[in-house]
Structures are given as structure tokens and as C-alpha cells.
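Descriptive analysis of the structure
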Protein chains: 2
Amino acid sequence: MDLNKLLKARSLAVVGASEKSGFGGDTCRNILEYRKDLSRVYFVNPGRDTVLGRKCYKSLSEIDDEIELAIICTSQATVCGLLREAKTKGCGGAVVFASGYSETGDEKGKEAEEELKTLAKELDIAVLGPNCGGFNNYVDDVISFAFPVEKRDRKGSIGFISQSGQFCINLMDSGDMRFSYAISIGNGKIVTLEDYLDFLVEDENTTVIAIYMEGVQDAEHFADCLKRAAEKRKPIVIQKGGRSEKGGKIAASHTGALAGTDRAYDAVFDKFGVIRADDMQELMSTALLLSTLKKLPAKAAFASMNISGGETGICADMGSSFGIYYPDFEEETLKKLRSMLPSFCTPGNPLDMTAALCYDSDLYAEGLKTVMDDPNIEMVLIGITIQLVVSDPTIYNIYNGVKKVVEQGYTKPIAILPFIEGTRNQDVAEKFREIGVPILPSPKYAFSALSHLSKYIAYDCTKRELSLAVPHKKAGGRKKALSEVKSKQMLKESGIPLELGVIVTSREEVLAQAENVTFPVVMKIESDDILHKSDVGGVVLNIRNEKEAVSAYETILENVKNRAPDAKINGVLMQNMMPQGTELILGVKRDAQFGPMLLAGLGGVFVEVFGDSSLYPIPLNKEEARRMLEALKSYKMLKGCRGTKARDIDAVVEMMVSVSDFAEAHKDELCELDINPLFVYEEGQGTGVADALVVLEE
Amino acid sequence: MDLNKLLKARSLAVVGASEKSGFGGDTCRNILEYRKDLSRVYFVNPGRDTVLGRKCYKSLSEIDDEIELAIICTSQATVCGLLREAKTKGCGGAVVFASGYSETGDEKGKEAEEELKTLAKELDIAVLGPNCGGFNNYVDDVISFAFPVEKRDRKGSIGFISQSGQFCINLMDSGDMRFSYAISIGNGKIVTLEDYLDFLVEDENTTVIAIYMEGVQDAEHFADCLKRAAEKRKPIVIQKGGRSEKGGKIAASHTGALAGTDRAYDAVFDKFGVIRADDMQELMSTALLLSTLKKLPAKAAFASMNISGGETGICADMGSSFGIYYPDFEEETLKKLRSMLPSFCTPGNPLDMTAALCYDSDLYAEGLKTVMDDPNIEMVLIGITIQLVVSDPTIYNIYNGVKKVVEQGYTKPIAILPFIEGTRNQDVAEKFREIGVPILPSPKYAFSALSHLSKYIAYDCTKRELSLAVPHKKAGGRKKALSEVKSKQMLKESGIPLELGVIVTSREEVLAQAENVTFPVVMKIESDDILHKSDVGGVVLNIRNEKEAVSAYETILENVKNRAPDAKINGVLMQNMMPQGTELILGVKRDAQFGPMLLAGLGGVFVEVFGDSSLYPIPLNKEEARRMLEALKSYKMLKGCRGTKARDIDAVVEMMVSVSDFAEAHKDELCELDINPLFVYEEGQGTGVADALVVLEE
């Protein structure tokens, strides 16, 4: 779908133009207030001759111009007719504010939306909405937003897509925000969130994409957009509701989007280097930081410069808790700083400069240059609180010092870090913005944004498998668990190294096979119908000879006969008893939207009591597998701790990639896979699959 | 020390009054700008006849009035002489801005401060500073603050003590802050932080105490103040630097305060119900929330009411991550809400009201009352972003709705929760403040403050032992580790239940004792000089009979002879082999300031790999001990999980209290205590001390 006639329309008509408050009136007022060139703007209302002093047409047809964009402010019943009429005027984009569609949750609403969707497709009109707040294209001055906001210049390079109109209003009302586009997508099932994202990924005027989302429509299209953004190094910041159980329900009921599990979203965002924000303010601050800096620092290595010990302490403590890296200064830097600062100062990073250098902008510039000359430093954070009313002249001295340094050609990025929240003095903020220095929000948001920046810089898309194994078959078929042997066979055929063992179905076979195995062995009931073999007395461990093997065989069959009389029995599995290693759990869970995800964690209490596991989208490569393990709190146990030797992590990584390949190949039918436990031995000794379960969906 | 003549002075003189910027000039300007009654304010400067249009005296002596407070703006060299002169005028309080004292870190500075301290004591003058920013008493209009801040009414009920002048400036510059007192204490070694805290705890005009601190001078006085505040239910909010390693160093070097370990501060704050803030903004927002509400909610049970799905989702997700409790509404409440809201709304808590009720303040009031009538709800959070410029008329409808509800006698507390940071429109903020409704800061700070409020409400000081075992003897003596038997004996004499075992010093004694013990036994080398018995081959487990016992005896002695030839050997300890239980570690660590702290955690990987341990100040009672265990992530292992039975938690709790009693009784000499492992058996089966180590300091 071509969004140019919608988002970059060269001519537009407001249908339902009005002077009253409401969609028609507010849209007209916003256009008149914000748009400079009104030559190809038309107001339409059969009941009026003029609206807000401007000519008003009786109908679209009456207008003697091509109308690329129709902004439909009238009620649901009029929409389809108006679209048909608009088409005759060359319309390719429309905004539909009306509600009463799928958001009602009832059949009537869903049908109305389906009808609208079909018509839009038939007419080839890109429809924003329904049930939306409109959009503003600040680059080309295309205004269709329907809510009143404070008058202010908002042009910048953040492309914002929102599944909530209220979010758009909040961001527009914030003095700091600078957009290329702000789009309130409403129900978003005709032109989807993925379509807008696609547009912004390719749009040259957009350097950062910010999204408030409740869910996606087309996971494959979504992943493709994320891939291209990652390859272009265009940051995407997303706030997605639903981290908590209650939040998930609210997101689902609000737009009725099909929600993947929240953890799956985290995993997908991790893969594609998407930044996830916890709330609107974090979304905005992070996007602003990324879009205001003239270039991102080469490495996330910060210097923190402050004018009091208390503030320096906050930067140290908060920086530490948000993972901000403050490298130590070179001895050369420390020496210079010592010569500038009062004798009682002990320079370090974070640096308490005291107020000493702030009385003179030249002195301040010298201090700043000294810090910037340090080869370990890539970005400088200047701690100073700028409030609405600036009572402290220090701020101007610092500004002048910073300006001098920038003008002398220093290019390492700088940001201002205030300690108290507030609207910043706009004169001061604008001065800093002009020289490429953003003013961060209050510390919790500032350090969140800096932490996101740090991770974004470290993200390297060439190390990632930039795709998802989205299933093409719809989920919902009958689920079928395979027996242990069948599960293992399936895995083995896909190249996953494991020992199968043999199935015995009589005393005689037990005795015959006893010559082929190495005692001790383990014997387990083999049946598609029995998932929990121990629970029915279907497992005997540590069988030392053929006599014990025969006895175990009989015990198992007897137990199962009593406790699971209806199970169809394939026989008894007999396999070498594996030496005990560190227990790992490897699993594949299928996410309804994003397809199979690999789960890894240490066995025993770690996954179950501490919830210590990693989840990551399939397919994955070795580096991604290794990162999954490194992300475990219990990774120390694999690396070796408390006197134990390191485990064979390379072998685990290979196993993980094999499992990923297996799951990708079977993405349409694989419902669940569990390798539990996977024994991991000392370095060079490999792994052993002790048990496996595959569940398929027909 | 009586602080009334300092902080509540009825007459004051500024010595070094001036018109220039700097201490003298800025203090004079601040007094003229803020203080209403200037009748007993005197400016002193031998070189001037007037200052800022007001008579200027040549000296203090020339003034024909009693001078309770001398504000000394002149340099260090003049201070002592001026104090002596001030004393002749009846002076009881002084502010000393001059620097060059202990903050320089050199001997000269320390001596100067010591001299000042001695003189202040001799003259009985309460000296604020040196190296401070002064103070403001907003209740009685006593102004001595030396830095320029924006002119504004700041009178409220938060008493603020700060070890950083810059913090005072930042808080004063924030539009929201309302103080009873704001005190920049400077070096704080003459009148100490504890003295100011004591004053504010007793001060009737102060309802909430906020502190920025780097360390305390007198831990016992500090604890006594915290105790009285807890008993009065006067909240104390503290921001203390030094959570991180770098932050700790900065705090220590800034004021040179003796810093207890950061974890010890957390533990002490926990005991006394002190709220700890991470930064200035959190300190301020939390204090403001607590001081603005007319009464605190009876229970931390919140309703969240919002006007969009996205915002409702943020409240759900952030609330969940900050531990905010949103009870479900009663069916009756849901029914009423359903009848008020559009059909597509699914009411719940958090509640998405949509914009439906916001067009009419009566409707909004009905919605709010419906929520407030719900018996599960004790406080309401109204989510709406109020920025500097209010463009959304909804805000006034909501305000009018809230006002109606408050005027109708609804008393459950209400707060406004904005989603974007900023300076709030002061008209709107003042309107809400007048009806006792605070406007919270942006969500990360708002939910931090609400989380602090929740914990504060739940804190019950009657369940705590409100004292610390602060040692009276200075640390630093020679440390001496006791052998296992001596350690156990010392514990046993204090009533801690454990088995001592017997010491054998010959083959014959082994044989003789073999009749008194129950095999299997364990034998261990017994020596004051060997702390790590296993490392020298000094332990043999699982000895099954007297023959093995004799052999073990000989092996142990032989090993020790080879590997620790210089150790003085008391013999070999022989004791019953304890049955294996869940392994716990109980320890006592001595904090340099706050005295002994109890440490508890599960053995094995839990403390060492996951760092999962609780630390709490001694003395403690059973409820406090139980809370320590409940705070462990691995508490699940004690409660029983994965099919295991619950452990004997009551016995562990009793053991913890006994250890606390022991440590309190030996607070002056006990350096360290380790019971590791302490075996914990199934419920009703008690505990077993397997090994113990006491380290004393002479």
C-alpha cells in the first residue's frame, strides 16, 4: 500500500469542516494554525458557505482540484460513500476519525470495519483509522490531527506511531518533543502499524522511530521492518504495554490486537536491537536523546562532570545501577584537573569539579576540554539542574564554556543532566539544542535513556540472525506428544547428537540386548500415552547386570499395567546410564505470533525456584546462543565457580543451534520441545541428552 | 545543644553585610526579599554606613539589642573573634559560611575546625557550618540562606537537612517544594546532622523530615532520633550517597564523614521505617506526597483511574513493577461503572474510563465516588498529564469533579498522576493542593513515591526492636579467632543450643570416648591457629567405628603436622555426625558505626553465587528474624518447594534471636561470628550447628 498520498499528500479536503469543537472544528483550526501553505486545502460541509473565514464547498465533487487526502470528520454512516466520491477526485489517502468499528468488540462493529477494509482495498485508498486521532507530517506540513494542542514548533526527526491518541496528545504537549511524523493509527487494521513502520524506516527525514504499541498484525512484515532498520542503524524505540498480567489484559481489550506473550516481545526486540521503553516519558526521552545528538558516541564510555559532591554521588550511584560505564581518567587528565581544581578536590570520574570553574566560562571550557581530551572518554554528561526560571548564573557560564569547546571543533557528544524534573527554561534549552547538546530529563529517565543508548551502541546486527520463523499454518490443531524414543529419533534425524538406546519388548530381547549395552543402564517405559514416566513407576535407574535388567523390565510393565492400564505400550527403552553432569534445560516454546522460541536454563532449583531462564527467537546462530547462556544468573555455574571446573559451553552452544535449526524446519507443526535434563560435562567432554519430548500439532 | 537561638532566633545580625554578590550580599538580599518583619535584623560592616538602603552598624557591639543569631559572612580568620563579641550580645546561634576547615582534608583545616568547635562549646553557641549554605526557617521567617534562588512562597511542613548546599538550591528552585526548615549543614561537626534531626523530630511544624546525608557522626544519637520519629509516626525520607563503590568514595571524600557500609544503612533504615530515596527528585517527591496528603491512607490499596487504554496500561505495568496493590473492585462497583461507561469498556482496576466521563464534571464526580465507595479502595490515583500550558479542557472538568467529591465529605486520599515530566501549571497545581490533592511527578518517581508510601503504611514500629547495639569501645584492637570448640563453648554458655563434642588428645582417649558417642562421628583438628580445617586435611567425616576413629585421629594429626607445622594443637574434636539438613549460614558482621549486624542466607550456591542474603541490625526480635528469612529469594526452599517439606523455620528464628542476644552482650569485643553450616531440619525437628567460628577483638 502506497502511503505517500496519505502521509505526504499535496492536496487535502476536510469533510465535515466546522467551527464547533469536535473532529471537524478542531481539525480545521489545527490546519489553519499550523499549515503555512493553504492553497490546496479545502473545507467541505454541505451546510456552510464558509468555515473559520475560509470558503466551504458543498461536496468533494465541487472542488476543482485533485484531492489526494480526504480527512473525513463525519460519522460512520457517511464514510463509505465519501470514500467512493473522493476516489473520483483522485484520492489515495483518507483519515477516518469515526468510531463504532472493531473497537466496540461487537459483531456489528467488526463487520463495519471489514466492509471499510474491503472498500479501501478496492479503491486503493490508504485509510488511517478508523477510531483514530489523525496525523501530522511536520516535514511537509500535512496536518490532519483532530485534538487541540499548544501552539509550538514541533518539527524534528522522530517518527512517532501510536496505538493511542492520548499518547500523541501527551507527547505533543511536551515542550521537548520534535517530530517528523506523529501518527495516531486508531484501530490500525486497514493501514497497519507495520505499514507505517515500513514507511518511516525508508523515510529520509526520520532518524529515530518511536512507537507506542499494543500488538502487531503481521509478525513477518514487522520483523522485516525491524531488520531493515537495524541494517540502516535507524534506532527504533517502542513502548509496549502488557509487562504485567493486568497490563496485558488492558492492551488486549483496548485494540483487540493479537498479543504475543510479553517475554516473546522482549526476545524479539533483543534480536533486532529495538529499544524497549517502560512508559511514555522514557520513550520520549530516549528518542529525543538519540535524535538530538549530532552523532552517537563511538563507545558507551561516559565522563560525568558535576559542580557538587552530592550530585556527583548521584551520578555514581545511579550510573552504577543503570549499567553506565565511567572509565577512569588517564593520569595525564588527572594531573591537569588537579592543577585547575581547588586543592581539596580529588578528581575522578564521575568528577566533582566543585563550583570553582563555573565562575568563568574560559576556565570551564578548559576543564571540559581536559576531560574530552582523555582518550577513554566518548561522551560527556554535564550535571546541572536547569529549571523553568534560571536563578543560578552558573548555568550561563557553563553554556558559554560548552559553546566555546564545540566551536573549537570538539565533536565528542555532550548532554546536560538535570537532577530535578521540570519544564526546562526554553531559551536555555534552545541554546543548547542549537549546538547539538540535548537536555536530559530527570535522573531516572536520563539514566534509562543513557542505558538504552549504551546498549544500542553495543548492538551489532551483523552478529544476529535477522529473521523469525513465523509459522504459516494457523495454530489450533490437535496436539500430539511423541514418546521419548520417537522424540529422540526425530531429533537425531535432524542431526542433534544423542544416544537412542534400544526398545525391548520381551525378556528374551532384554537378555539379547544386554550384550550390546554397557552396564549400568537405565530402563524406561516407552509409550506415546505416558508423558510422566516416573509418576507411573515407569523408570528404573542404575541397573547393573542382565539379571537386574530382566527384573526391571518386569517391574516396569507391572507398574504401568496397574497405574496406566489404558496406555498403549511400545515396549521398554533400555539405554546406557549417562554420567551425571551439570543439568541444563533446553526447550522450544511456540509463541502465537512470532513462532518458536528457544528456552535455556539450569536444571534443579534455578529455573523452577529462581525463574532463571533465557528465551530467544528462533532461528539463532552461535553468538546468539552464547549470549543466551551469558544472560543467565546461573551462568557462573557453567563458567566454573566454587572450585568446580568450567563446563563444555561450546557443546551446549552447538546443541542450541541444532535445536534452533530443528525448530525452524518444523515451525508449522512443532508445538513444544523439551530436552530435560541435558547433562553438560567438563570442557571438551560434550553434553548428553538424558530425556526428550516433542509435541506436534496436526 | 539548644538549637532554638539558632533556628528560631528572634533577632539576628549579618556580619559582613554587603551589596556585592557573595555570602554577605546574597544573604542580605535574601533577608530583605523574604523576611517580612525586619525590626530586629541588623547589618554589620565596619566599612559601610548603609547596605541596600538599610542602616549598617560598625560592629556587633554597637547594636543596642540582644543578638540571638550571628550570621558570619566574613572570612575564616575573623570567625572566632566575632563569636566572642557576639556572645557579649547574648548570642546563642551562629551561621559560619567560611571554608578552609576540615573539608580541606589537611591538618591545618582540621585544627581550625577543632578550635572552632571548642570555642562554640565554651561560649555555648550553636554553630551552623562552617562551609555551609545557611538555613531558612519558613515557619518563623528566619532567613540566613546565602545563595540566590527564585522568589516564591515555599512555606510548608517538610524539614530538610542537607550535607550539600547545592541540594538545597535545587530543592528550593523546584516549584513544588514546601519547607518548614531547609538547613545546609556544611561540615556538620559542631552542631551535627543528628542535632538538627533531633530538633525536627520534636518540631511541631514539621510533619515530614527529608535528609540528604553522606554519613552520621553519632550512631546512637541517630538511632534515638529515628526511634522517636517512628513512635510519633513522623516519616523520615533520606537520600544517602554511596550505593555504588564510586559513590561511596565520593561521599567519604566530600565531607570526610565516617561511612558505615551502605548495606548497613539499608538495614538500619529498614529497622526504623526510614524511607530511602535514590536521588534528589525521589527524596523530594516522596516527602511532598507524604506532606501534602491530609491523611495517609489506612491501607496501601489503590484505585487507578485513567482516560485512555495506553495510560491505564502504564499504571498496570509500572504499578506491578513497583509493587503497587490495586485490589479488584466489588461486583457492585463494576456494575455501577458499567452503567456509566460506554458499552465497549471493560471496567477493572486500573480503570480505563475512556474520555467519556471527562466532558462533564458531575459525571466525573459520580465515577470517582463510585470508585471511592468501593470498600477495597483506600486511595485513588487519577492519571492525567498536567503540563505548564494546559491545552486540554478535560483537566478542569476533572478538577471540578474532584472538588465536588471532596466537598461532599469523601476523605479517602487522592493524588494526580501525570505521564510526562514537566513543571506543572501552577494555577492548576495550587487548586489541587488546596483541596489536599498532590500532583505526583512523572511515573518512575510517582510510583517510587507510592511504593515508599505503601511500605511506610505497612511499617509497624511496635513489631521492631528500636535500638542498635552501638559499641562503646573503639574498633581497631588485635583480632583473635577462637577454635571451633572454644567458639561453640562461648555460644553454648550464652544459651545457644548446640552439641559441643569432646576433645581427644591420645589414641586412648579416642577409644575411651568411642563408648560415649554414637557412630557415625566426625573428627576435626582443634586449634586456635587453624581456621580452615579442611584445607590442612584436618577433617574426617563419616567415621563408623572405633577402629576408624583411631585411624582418623592419627591421619589428622599427621596431616596437620605436615601442612601446618607451627599451629598449636589443642587436640582432635570428636562429635556425632549430624544428619544432613538444608544448609543455612548465620553470621554476625560488625559495622564500624552501627555495631553488630546479623547475616542470614542459604548455604551452597545461594549466598556465594547469587548473593542471596539478609542483613539486619542487632538486637532483633522474632518478628524481625522471620522478616529476614522471608526477604531471601531462596526462602521458598525453607517453606518447601518441588515436593520437599517445609523446614523448621521457628527453630531458625529462635536461633537467630539467640545469636542476636549473644552479639549484643558482646558488642564491644565481638568482631565476627559464623555458624556455617547450620543444618535446618523438617518442621518440628529443629536445627543443628555443624561448625562455628568466633573472632574477638582485644
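Residues numbered from 1 in each chain as written. Chains lettered and ligands numbered in written order. Predicted model: local features only at pLDDT ≥ 70, side-chain atom pairs only at ≥ 80, totals over all residues. Heavy atoms only, no water.

The name recorded for chain A in an unreviewed UniProt entry is CoA-binding protein, from Blautia producta. Of chain A, the UniProt comment under Sequence similarities (unreviewed entry) reads exactly: "In the N-terminal section; belongs to the acetate CoA ligase alpha subunit family." (UniProt positions renumbered as here; feature names shortened; annotations may be inferred.)

Right, let's talk about the packing of helix α13 (residues 361-373) of chain A against helix α14 (residues 394-407) of chain A for a bit. All names here are of chain A. Where α13 contacts α14, the two axes come as close as 8 Å, and the packing angle between them is 55 degrees. Taken together, the axes of α13 and α14 lie oblique to each other. The hand of the α13/α14 crossing is right-handed. Along its contact with α13, which presents Ser361, Asp362, Tyr364, Ala365, Leu368, Lys369 and Met372, the element α14 presents Asn397, Ile398, Asn400, Gly401, Val402, Lys404 and Val405. Looking at the contact of α13 with α14 residue by residue, the class counts come to 7 nonpolar, 4 polar and 3 charged. (Axes fitted to C-alpha atoms, helices over the stretch in contact; angles between N-to-C directions. Helix = DSSP H or I, 4+ residues; strand = E, 2+ residues; numbered from the N terminus. Parallel < 35°, antiparallel > 145°, perpendicular 65-115°, else oblique. Left-handed = near helix turned anticlockwise from the far one by under 90°. Contact = heavy atoms within 4.5 Å. Nonpolar A, V, L, I, M, F, W, Y, C, P; charged D, E, K, R; others polar.)

For the rest of this paragraph, the subject is the side chain of Asn349 of chain A. Along the chain, Asn349 of chain A turns up in the loop between α12 (331-340) and β16 (351-352). In terms of polar contacts, Asn349 of chain A uses its side chain to reach the backbone carbonyl oxygen of Phe302 of chain A, at 3.0 Å. Looking at Asn349 of chain A, its side chain comes within polar contact range of the main-chain oxygen of Pro327 of chain A, at 2.7 Å. If we ignore the near neighbours within four places in the chain, the residues touching Asn349 of chain A are Phe302, Ala303, Ser304, Tyr326, Pro327, Phe329 and Ile377 of chain A together with Lys246 of chain B. (Polar contact = N/O pair within 3.5 Å; in protein donor to acceptor, adjacent residues only side chain to side chain.)

Residue and element names in this part refer to chain A. Read from one edge to the other, the open sheet built from 7 strands follows the order β9-β8-β11-β10-β12-β13-β14, with strand pairing classed as mixed. The outermost strands of the open sheet, each flanked by one partner alone, are β9 (142-143) and β14 (275-277). Here helix α5 (residues 165-173) sits on the sheet and contacts β8 (134-137), β10 (155-162), β11 (179-184), β12 (208-213) and β13 (236-240); the angle it forms with β11, its principal contact strand, is near 150 degrees. (Pairing = 2+ DSSP bridges.)

Residue and element names in this part refer to chain A. Burial along strand β18 (residues 414-417) is two-sided: the face carrying Ile414 and Ile416 and the face carrying Ala415 and Leu417 are both buried. Sheet analysis places strand β17 (residues 379-383) next to β18, joined by 4 bridges and oriented parallel. Along β18, the bridge assignment pairs Val380 with Ile414. Once you follow β17 into α14 and on to β18, the crossover reads as right-handed. (Buried < 20%, exposed > 50% of the residue type's maximum accessible area, 1.4 Å probe, protein only. Right-handed = clockwise from strand over helix to strand, strands pointing away.)

This part takes up the packing of helix α21 (residues 622-630) of chain B against helix α23 (residues 649-665) of chain B. All names here are of chain B. Running from N to C, α21 and α23 point in directions that differ by 120 degrees, and their axes come no closer than 9 Å. α23 is crossed by α21, and the crossing has right-handed handedness. Two secondary-structure elements touch here, α21 through Lys622, Ala625, Arg626, Met628 and Leu629 and α23 through Ile649, Asp650, Val652, Val653, Glu654, Met656 and Val657. Of the residues belonging to the contact of α21 with α23, the class tally is 8 nonpolar, no polar and 4 charged.

Attention now moves to the interface of chain B and chain A. Contact residues are listed per partner, giving 78 residues for chain B and 78 residues for chain A. For the pair chain B and chain A, the summed buried surface comes to about 6,200 Å²; carbon and sulfur atoms form 59% of the total. At the junction of chain B and chain A, the tally comes to 8 salt bridges. With its nearest N and O atoms 2.9 Å apart, the salt bridge here joins Glu421 of chain A to Arg424 of chain B. The tally of links between chain B and chain A comes to 31 residue pairs in polar contact (both at pLDDT 80 or more). Looking at the side of chain B that touches chain A, the elements that each hand over two or more residues are α5 (165-173), β13 (236-240), α8 (245-255), α10 (280-292), α11 (309-321), α16 (443-458), α20 (605-608) and α22 (635-639) of chain B. (Buried area = accessible area lost by both parts, 1.4 Å probe. Salt bridge = Lys/Arg side-chain N within 4 Å of Asp/Glu carboxyl O.)

A few words on the pairing of strand β24 (residues 582-591) of chain A. Residue and element names in this part refer to chain A. A large share of β24 lies buried, amounting to 7 of its 10 residues. Relative to strand β27 (residues 670-680), β24 runs antiparallel, the two being bridged by 7 bridges. Bridge pairing links Leu586 to Ile675 in β27. By the bridge criterion, 8 bridges tie β24 to strand β25 (residues 595-602) in an arrangement that is antiparallel. Looking at β25, one finds that Arg590 is bridged to Pro596. Linking β24 back to β25 in an antiparallel pair, the connection comprises 3 residues.

This part takes up helix α3 (residues 79-88) of chain A. Residues spaced three or four apart along an α-helix point in a common direction, a consequence of the helix completing one turn every 3.6 residues. Residue and element names in this part refer to chain A. Taken together, the buried positions of α3 are occupied by Val79, Cys80, Leu82, Leu83 and Ala86. Take α3 and look down its axis: the buried residues cluster within an arc of 160 degrees, on one side only. Packing partners of the buried residues in α3 comprise β1 (12-15), β5 (69-72), β6 (93-96), α4 (107-123) and β7 (126-128). Remark: Gly90 follows α3 within two positions and exhibits a positive phi of approximately 85 degrees. (Arc of directions from axis to C-beta.)

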